Amino acid sequence: MPASSEFVALCQAQVALLTQALGAALSVVYLTEELVEGEEAKLIPVVAYPNQSAVWDENDSLAFLPDGIEKVNNIPRLLSAAPQGSSILLRSGPGVDATGGEQRRHKEGHSLVQQRQIVLPLIHEGVVMGLLVTSREDRPWNEQERIEVERIAHTMALACILDQRSQWLGQQFSQQQRLQSQQNELLHNLLHQLRNPLTALLTFGKLLLKRLRPSDANRDIAANILRESDRIQDLLSQFDEAIDLTASQGSLLAYPSEVSVEGEVETATDPDRANKPLLLLPEGGLMAVGTLESCSVAEVLKPLLSSAYAIAQERNIKLKAEIRANLTPVRANPKALTEVFSNLIDNALKYTPSGGWVYVDAGVERESPQGRLQGVAVSDTGPGIPPQDLERLFERHYRGVQARSEIPGTGLGLAIARDLVQQMQGEIEVFSPSQHPTNAGIGSTFIVWLPESQ
C-alpha cells in the first residue's frame, strides 16, 4: 500500500526533529514495497532532508544507503530496536552502526561512538517495513542521541503499521459498503416482484367478495384474504422504508476520505441526512412502534381471531376466545399490537397438536408501580417449554429443543413480540406448564401486559 499523506507528514515532522534537536545533516526514510509476491522487497524513499529532489531520482534512490544493504534482508539495525527472536538476516556495511546494547563492539578500527551514520529498520513484530538513515559530519553520535534516534525510528514504525491498518480498514469498509449496496438493490428488486402477485391477490379477493351474496358463509374467508393481503402490503412498505433508511445511515458512517494533520476529519457525506432518524436495533425487527394511542384490545383481536378460527378448523384444533365486555382501552400502537398478538396466536396454533386446545383470554388486570395493567393471555396444550429454554426464549433465532423438531420456525416471532411490547411500555410473561384452569399442567401460557389509558 502506498504511504498516506498523514504518514508522510509525520515522517517529515520526525526528520525535522532529527535536524533541529540532534543536528542531523542528512536523513532519509525508506519504505519497503513488495512489487511481486515471493520476490525481494524494494526500498522506496518517501521523505528526505535536505536535498529531497535527489532522493526522488529513480537512479539515485538508494544513494544514501551504505554499501550492501540495497535489499531488505541486508538491513542492519541496533539490537535494542528489534524484538528478540527476530529471524531477519542482518549484514553490516562499512561505516554503518550495526551493533547495540552491551554487545556493541569495535569493527574495522572504529567504535560506535566514532560512527557518524546510523541505519535503523522500521520494524514491528519482526517485520521490516522500512528504513531510517541519518548522519552528520561534525561530530559522532553519543549514547543519549542514539537512544533518541531509536525512539524516532520506533515512532515511525508504529505510525507505519497504523497507517497500513487504517488503509486496510478503509478498503474493507468500502468493500462492505459496496456489498451492502448490492444487497439493498437485490432486496428492492425482490420487493418489487412481490408486489405484483400481491396486487393480483388483492384484486381477485375484491372481485370474489363482490360476487358472494351477503348471506354466503364464504364472505368471511374472502374478507380475511383481503385483510391479510393488506397486512402483507403494509409490512412490505415498512421493509422498503427500512432498506432506504439503512442505506442512508451507511453513508453517514462513511470512512473518512481525508484526515488533516491537525486531526480534523472530512467525510464525503450528505449533511442533509444527519437529522434523519436512526433505524431500530436489529432486536426490533422490521416494525417500529409509532405513536402510542388509546386502542381497544377487542378490536385488535377480532380480525386475528377470525383468521385463527379458520386455521384451527383446518388443523382440527379447538380455539376458544373469551374477551370481557367493556374493556378499558389500553395505550398502545394498533399495528404493533396486531403483530404481537399475531405472533403469539400463530405460535400457539403451530405447536398445538391435532385435537388440542388454544385459549385467548382478554380482560385480566393487575397493578404495577406504573399504574394498572391489562393483560391478554394466549394458552395452548402443546408440548410446553423446558425449564432450560425459558431464560433464552426471547433471544433472536433461539428455538431450544424445538430446533430439533420438524416444526418450522426462525426463532424471531417471540423476540419481535417482546421488543414491540417493551416499546409500548408493556411487559410479556411466559409460563410453562400453562396457567389456564382447564389445561393446567400441560402446554404454555403467554401474557401480554399493557398500560391502561388514563
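Keep in mind it's a predicted model, so treat the numbers as computed, not measured.

Moving on, we get to the pairing of strand β1 (residues 26–33). With 6 of 8 residues buried, β1 lies mostly within the body of the structure. Note: β1 against strand β4 (residues 127–135), 6 bridges, orientation antiparallel. Bridging across to β4, Val29 finds its partner in Leu132. Two strands pair when backbone bridges link them, and β1 and strand β2 (residues 42–49) are joined in this way by 7 bridges, in the antiparallel orientation. Its bridge partner lying in β2, Tyr30 is registered against Pro45.

If you trace the 4 strands from one edge of the open sheet to the other, you get β2-β1-β4-β3, paired in antiparallel fashion. One side of each edge strand has no neighbouring strand; the edge strands of this open sheet are β2 and β3 (117–124). Averaged over neighbouring strand pairs, the angle between their axes works out to 20° when direction is ignored. Taken together, the 8 bridges between β3 and β4 define a ladder with antiparallel strand orientation. By the bridge assignment for β4, Leu122 is matched with Gly130. Running over the sheet, helix α1 (residues 5–22) touches β1, β2 and β4 and is turned about 55° from β2.

For strand β8 (residues 318–323) and strand β10 (residues 357–368), the ladder comprises 6 bridges, and the chain directions are parallel. By the bridge assignment, Lys318 is partnered in β10 with Trp357. Direction of pairing for β10 relative to strand β11 (residues 371–380): antiparallel, over a ladder of 10 bridges. Among the inter-strand pairings, Val360 is bridged to a residue of β11, identified as Val378. Hairpin connection, β10 to β11: the antiparallel pair is bridged by 2 residues.

With 18 residues, α1 ought to run about 26 Å at 1.5 Å a step, and its terminal C-alpha atoms sit 25 Å apart, in line with that. What α1 keeps buried is the set Phe7, Val8, Cys11, Gln14, Val15, Leu18, Thr19 and Leu22. All buried residues of α1 lie within an arc of 140° about the axis, which places them on one face of the element. The exposed set on the far side of α1, more than 90 degrees from its buried face, consists of Ser5, Gln20 and Ala21. Where α1 ends, the next residue or the one after it, Gly23, has phi of about 75°, a positive value.

The next subject is the nonpolar core. Within soluble globular proteins, side chains that are nonpolar generally end up buried alongside one another. Grouped together as the largest cluster of nonpolar side chains are 40 residues, with contacts concentrated most on Leu301, Leu337, Val340, Phe341 and Ile345. Of all the elements in the fold, those that place two or more residues in this core are α5 (297–314), β9 (330–332), α6 (334–351), β10, β11, α8 (413–423), β12 (427–431) and β13 (444–451). Looking at which element gives the most residues to this core, the answer is α6, with 8 residues. Counting residues in hydrophobic clusters, the runner-up holds 25 residues, among them Leu120, Met129, Val149 and Ala153.

Applying the stated criterion to the full structure yields 1 aromatic pair. A centroid spacing of 5.6 Å and a plane angle of 10° characterise the contact between Trp357 and Tyr359, whose relative ring orientation is stacked. For the cation-ring pair, Arg136 lies above Trp141, with the distance from its terminal atom to the ring centre recorded as 4.1 Å. Positioned above the aromatic ring of Trp449 is the side chain of Arg366, whose terminal nitrogen or guanidinium carbon lies 4.6 Å from the ring centre.

Attention now goes to α5. The terminal C-alpha atoms of α5, which comprises 18 residues, lie 26 Å apart, in line with the 26 Å expected from a rise of 1.5 Å per residue. A maximum bend of about 30° is found in α5 at Pro303. The complete set of buried residues in α5 reads Val297, Val300, Leu301, Leu304, Leu305, Ser307, Ala308 and Ala312. Asn316 lies just past α5 and shows a positive phi near 60°.

The rules we used
The written sequence of each chain sets the order in which its residues are numbered from 1. Given that this is a predicted model, residues contribute local features only at a pLDDT of at least 70 and side-chain atom pairs are listed and counted only at 80 or more, while totals for whole chains, interfaces and linings are drawn from all residues. Water and hydrogen atoms play no part in the side-chain values, which are based on all heavy atoms of the structure. Only protein chains enter the accessibility calculation, which uses a 1.4 Å probe. A residue is then buried if its area is under 20% of the maximum for its type, exposed if over 50%, and partly exposed in between. The numbering of helices and of strands both runs from the N terminus, where a helix is a DSSP run of H or I of at least 4 residues and a strand a run of E of at least 2. Strands are labelled as partners when DSSP assigns at least two bridges between them. Lines fitted to C-alpha atoms define the axes, with helix axes restricted to the stretch in contact, and inter-axis angles between N-to-C directions lie between 0 and 180 degrees. What makes two residues a contact is simply this: any of their non-hydrogen atoms within 4.5 Å. A helix is expected to span 1.5 Å for every residue after the first. This arc is taken over the directions from the axis of the helix to the C-beta atoms. Throughout, nonpolar core names a set of buried Ala, Val, Leu, Ile, Met, Phe, Trp, Tyr and Cys residues whose side chains join them through atoms within 4.5 Å. Each Phe, Tyr or Trp ring (for Trp, its six-membered ring) is paired with any other whose centre lies within 6.5 Å, and the angle between the two planes then decides the class: stacked below 30 degrees, edge-to-face above 60, tilted in between. Here, over-ring charges are defined by two tests on the NZ atom of lysine or the CZ atom of arginine: distance to the ring centre within 6 Å, and angle to the ring normal within 35 degrees. The angle separating two fitted axes, one through the seven residues that finish at a residue and one through the seven that start at it, defines the bend at that residue.

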